[in-house]
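Residues per chain, in single letters:
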Amino acid sequence: IPSAQCDICEGNLTKALKKVKGIEYFKIDIEGKVISINYDKNVVTLSKIENAITFAGYDANNKTANPEAYDKLANCCKKPEDRKKNN
């Protein structure tokens with residue numbers, strides 16, 4: 001989650017992951033830019049979990065964030081090169 005920066009990001013990701021059936025536990029480390037997830041492989045695939053993250057607007061492993069969701073993120077949640085400057 002390279003663009004995750006703050007509590008807003010953590011909230012967005014938490015909301016997205018809570019919707020995924022089969023996730024047993026997850027921990028979001030914003031500083032380390034890592035999400036640790038335990039999930040039931042009989043219920044959900046890693047690809048579906050990654051899709052939930054990308055549809056929340058964040059990159060996940062080798063999958064790129066959904067552009068529409070990324071555009072809706074708060075400015076602070078975007079990659080530094082995409083942040084709008086305050087004048």
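All values derive from a computational prediction rather than experimental measurement.

Caption draft 1: Fine view of unusual backbone geometry. For Lys33, which is not glycine, the phi torsion reads 60 degrees and is therefore positive. Note on placement: Lys33 falls in the loop between β1 (23–29) and β2 (34–39). Positive phi, normally seen in glycine, also occurs at Asn61, with a value near 50 degrees. Note that Asn61 resides in the loop between α2 (46–55) and α3 (67–72). A relative accessible area of 63% means that Asn61 is categorised as exposed.

Caption draft 2: Structural view of the nonpolar core. Core analysis: the largest hydrophobic core is formed by 23 residues, its most contacted members being Ile1, Leu13, Ile53 and Tyr58. For this core, the secondary structure elements donating two or more residues are α1 (7–18), β1 and α2. Once you skip the residues sitting within four places of it in the chain, Ile53 turns out to touch Ile1, Leu13, Leu17, Ile35, Tyr58, Asp59 and Ala60.

Caption draft 3: Examining α1 more closely. Between its terminal C-alpha atoms α1 stretches 16 Å, which fits the 16 Å expected from 12 residues at 1.5 Å a residue. What α1 keeps buried is the set Cys9, Leu13, Ala16 and Leu17. Down the axis of α1, the buried side of the element spans an arc of 95 degrees, and every buried residue falls inside it. In α1, those exposed residues whose orientation departs by more than 90 degrees from the buried face are Asp7, Lys15 and Lys18. The inward-facing, buried residues of α1 contact β1, β2 and α2.

Rules used in this analysis
Each chain carries its own residue numbering, running from 1 in the direction its sequence is written. Whole-chain, interface and lining totals are the exception, using all residues; otherwise, since this is a predicted model, local features are given only for residues with pLDDT of at least 70 and side-chain atom pairs are given and counted only at 80 or more. Side-chain descriptors were evaluated using all non-hydrogen atoms of the structure, hydrogens and water having been removed beforehand. Numbering of helices and strands starts at the N terminus; helices are DSSP runs of H or I of at least 4 residues and strands are runs of E of at least 2. With a 1.4 Å probe rolled over the protein chains alone, any residue whose accessible area is under 20% of its type maximum counts as buried; one over 50% counts as exposed, and the rest are partly exposed. As used in this record, nonpolar core signifies buried Ala, Val, Leu, Ile, Met, Phe, Trp, Tyr and Cys residues forming a set joined through side-chain atoms within 4.5 Å. Should any heavy atoms of two residues lie within 4.5 Å, those residues are counted as being in contact. Between the first and last residue of a helix there are one fewer steps than residues, each counted as 1.5 Å, and that sum is the expected span. Regarding the arc, it is the one traced by the directions from the helix axis to the C-beta atoms.

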